[in-house]
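A structural walkthrough
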Amino acid sequence: MQSFRVFSPSKINLVLAITGVRADGFHDLVSLVAPLDWGDTVEVRPAVREDGDSLECDFPGVPTDGTNLILKAAAAFRARLAPDNQPSFVHFVLEKKTPAGAGLGGGSGNAAAAVIALNRLCPTPMPDAFLEEAVAAVGSDCALFIKGRPVVMRGRGDALDALPEAALRRISGTRVCIFKPSFGINTGWAYGQMKAEAPKYYLAPEKAEALLADWLARPEGDIPLFNNMQEVAFEKYVALPTLLEQIRQKFGIRCMMSGSGSACFALPNEKTDIEALRRCVENAWGAGSWVAECALK
């Protein structure tokens, strides 16, 4: 086989409403989520082992053993394939930009990219629904990256609904600035805090659905921004709300935390000075922070 590359987008949650705990221990959510045109790259090369897939990555702290979602997703995909439709083993090379603990779905996107790549090598490529089922087994929000476009997620993140065409047109291509401090936020910790103080942080399901329904009925208006995981993060990491308020006051643009954080994002307008925004982030968060300008897919 010849080597090839698959883009692995990151994502932001424009709406993230955590509505409660499920019987299986996961949380129920309603989310308007969009992949970005910024993220990682997964290169697929000929196998270096005869007995399985392998992975390399030079990004600090990224595991390359079976705990990585790329190899987990590859195994889950292969386990669902018929014996006569197995792709050859491969060596994955992950070129990483998206850090862990950012709330940008980097690992989940990597898992989806790996499955998309393996599917290209199958004698009979499988439909997207098959791929979504495979990646959902390793991460609740992995399936959205198979879609590759903005969707509404429900359940624990595995139930996806396509957006109406007018809403899709409104979102796709929207400019975004994402920025992250030097620290990350552990997703398990954030959900654990919500659960420990239930129902303090949860949003009633009917209110979450109403938030989306109002915008879907009039998608020409402002894209909705909501995230009730912010409350948990902001109580501990005060640098996040402090900077977001500075950005609102100085630039007059809308901004929010993505997912469980710690990355945040702003929706610049045609007058926004991106370099000034970058300096604002660096002055507030110091060394180790970064800013990336991108767009919603």
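Before going into details, it helps to say that this report is about the structure given with it. (Residues numbered from 1 in each chain as written. Predicted model: local features only at pLDDT ≥ 70, side-chain atom pairs only at ≥ 80, totals over all residues. Heavy atoms only, no water.)

1. Points about the overall build of the chain
Under the convention used in this document: Helix and strand definitions follow DSSP, with helices as H or I runs of at least four residues and strands as E runs of at least two, each counted in order from the N terminus. Using C-alpha atoms as the atom set, the radius of gyration is obtained and then compared with a globule rule of 2.2 Å times the number of residues to the power 0.38. Only protein chains enter the accessibility calculation, which uses a 1.4 Å probe. A residue is then buried if its area is under 20% of the maximum for its type, exposed if over 50%, and partly exposed in between. Between two residues, a contact is recorded if the distance between any of their heavy atoms is within 4.5 Å. Per-residue and other accessible areas were derived by the Shrake-Rupley procedure at a 1.4 Å probe size, with only the shown protein chains allowed to occlude residues. Here Asp and Glu are counted as negative and Lys and Arg as positive; His is not counted, and neither are the chain ends. For the purpose of locating charges, the reference atoms are NZ of Lys, CZ of Arg, CG of Asp and CD of Glu.
The helix and strand inventory of the chain stands at 10 helices and 11 strands. Whereas a compact globule of 297 residues would reach a radius of gyration of roughly 19 Å, the chain reaches 19 Å, a difference of no more than 12%. If one aligns the C-alpha atoms of the chain with their principal axes, the spans along those axes are about 60 × 40 × 40 Å. Per-residue burial over the chain gives 53% buried out of 297 residues. Taking the intrachain contacts of the chain between residues at least 6 apart in sequence as the baseline, contacts between residues at least 24 apart amount to 75%. Surface summary for the chain: the accessible area is close to 12,800 Å², and the carbon and sulfur share equals 51%. Distance from the positive charge centre (31 side chains) to the negative charge centre (34 side chains) of the chain: 3 Å.

2. Structural notes on the pattern of salt bridges
The line we're drawing: Salt bridge criterion: a side-chain nitrogen from Lys or Arg within 4 Å of a carboxyl oxygen from Asp or Glu.
What the rule picks out here adds up to 18 salt bridges. Here K147 and E132 are joined by a salt bridge, their closest N and O atoms 3.2 Å apart. Of this pair, K147 sits in helix α4 (residues 144–147) while E132 sits in helix α3 (residues 128–136), placing them 15 residues apart in sequence. Of the residues examined, K147 reaches a relative accessible area of 28% and is grouped as partly exposed. The partner of K200 in a salt bridge is E197, with the nearest N and O atoms 3.4 Å apart. Among the residues examined, K200 registers a relative accessible area of 47% and is labelled partly exposed. Ionic contacts of the salt-bridge type, sharing partners, join the residues R5, E43, R45 and E95 into one network.

3. Quick look at the nonpolar core
Quick reminder of the rule: Residues belong to a common nonpolar core when they are buried Ala, Val, Leu, Ile, Met, Phe, Trp, Tyr or Cys residues joined through side-chain atoms within 4.5 Å.
Of all hydrophobic cores here, the largest spans 69 residues; its most connected members are I70, F77, F92, F179, L240 and I247. Examining the composition of this core, we find that seven residues originate from one element, helix α2 (residues 106–121), more than from any other. In contact with F77, not counting residues within four places along its chain, are V115, L118, N119, C122, F130, L131 and A134. Grouped together as the second largest cluster of nonpolar side chains are 30 residues, L14, V152, I178 and A263 included.

4. Some points on the packing of helix α1 (residues 69–80) against α3
To keep it simple, the criterion reads: Between N-to-C directions, angles cover 0 to 180 degrees, with each direction set by a line fitted to C-alpha atoms, over the stretch in contact for helices. Any angle between 65 and 115 degrees counts as roughly perpendicular, while under 35 counts as roughly parallel, over 145 as roughly antiparallel, and the rest as oblique. With the far helix as reference, a near helix turned anticlockwise by less than a right angle produces a left-handed crossing, and one turned clockwise produces a right-handed crossing. For this classification, Asp, Glu, Lys and Arg are treated as charged, while Ala, Val, Leu, Ile, Met, Phe, Trp, Tyr, Cys and Pro are nonpolar and the rest, including Gly, are polar.
Interhelical geometry of α1 versus α3 gives an angle of 130° and a closest axis separation of 8 Å. Relative to α3, α1 is oriented oblique. Crossing of α1 against α3: the hand is right-handed. Taking contact as the criterion, the partners of A76, F77 and R80 in α1 are, on α3, F130, L131, E133 and A134. Across the contact of α1 with α3, the residue classes break down as five nonpolar, no polar and two charged.

5. Describing the side chain of K180
Worth spelling out the cut-off: The term polar contact refers here to a pair of N or O atoms within 3.5 Å; inside protein, the definition further demands a hydrogen-donor-capable atom paired with an acceptor-capable atom, and it admits residues adjacent in sequence only when both atoms are side-chain atoms.
Relative to the assigned elements, K180 resides in strand β7 (residues 175–180). No salt bridge is formed by the buried K180; its nearest oppositely charged neighbour, D40, is found at 13 Å. In this structure the side chain of K180 is engaged in a polar contact, spanning 3.0 Å, whose partner is the backbone oxygen of F183. In this view, K180 contacts P99, A100, G101, A102, S262, A263, W285, G288, S289 and W290; residues no more than four positions away in its chain are not counted.

6. What about the packing of aromatic side chains?
Threshold: Pairs were defined over the aromatic rings of Phe, Tyr and Trp, the Trp ring being its six-membered one, requiring ring centres within 6.5 Å. Orientation was assigned from the angle between planes: stacked under 30 degrees, edge-to-face over 60, tilted for the rest. Two thresholds decide whether a charge sits over a ring: the Lys NZ or Arg CZ must be within 6 Å of the ring centre and within 35 degrees of the ring normal.
Tallied over the full model, the rule gives five aromatic pairs. Look at F183 and Y237: their rings are 5.0 Å apart centre to centre, the planes differ by 15°, and that puts the pair in the stacked class. Taken as a pair, F183 in the loop between β7 and α6 (187–196) and Y237 in the loop between α8 (230–236) and α9 (239–251) lie far apart in primary sequence, 54 residues in all. Take F183: its relative accessible area is 25%, and that puts it in the partly exposed class. On the basis of an interplanar angle of 80° and a centroid distance of 6.0 Å, the ring pair of W189 and Y237 is categorised as edge-to-face. Taken together, the positions of W189 in helix α6 and Y237 in the loop between α8 and α9 put the pair 48 residues apart, joining distant regions of the chain. Grouping aromatic residues by their ring pairs yields a cluster made of F183, W189 and Y237. We note R156 situated over the ring of F26; from NZ or CZ to the ring centre the distance is 4.8 Å.

7. So, the environment of A190
Looking at the element boundaries, A190 is found in helix α6. When the C-alpha atoms of A190 and S260 are compared, they prove to be 6.5 Å apart, with 70 residues separating the residues in sequence. Ignoring any residue separated from it by four or fewer positions in sequence, one finds A190 in contact with M229, V232 and S260.

Without other data, these values stay purely geometric and don't point to any function.
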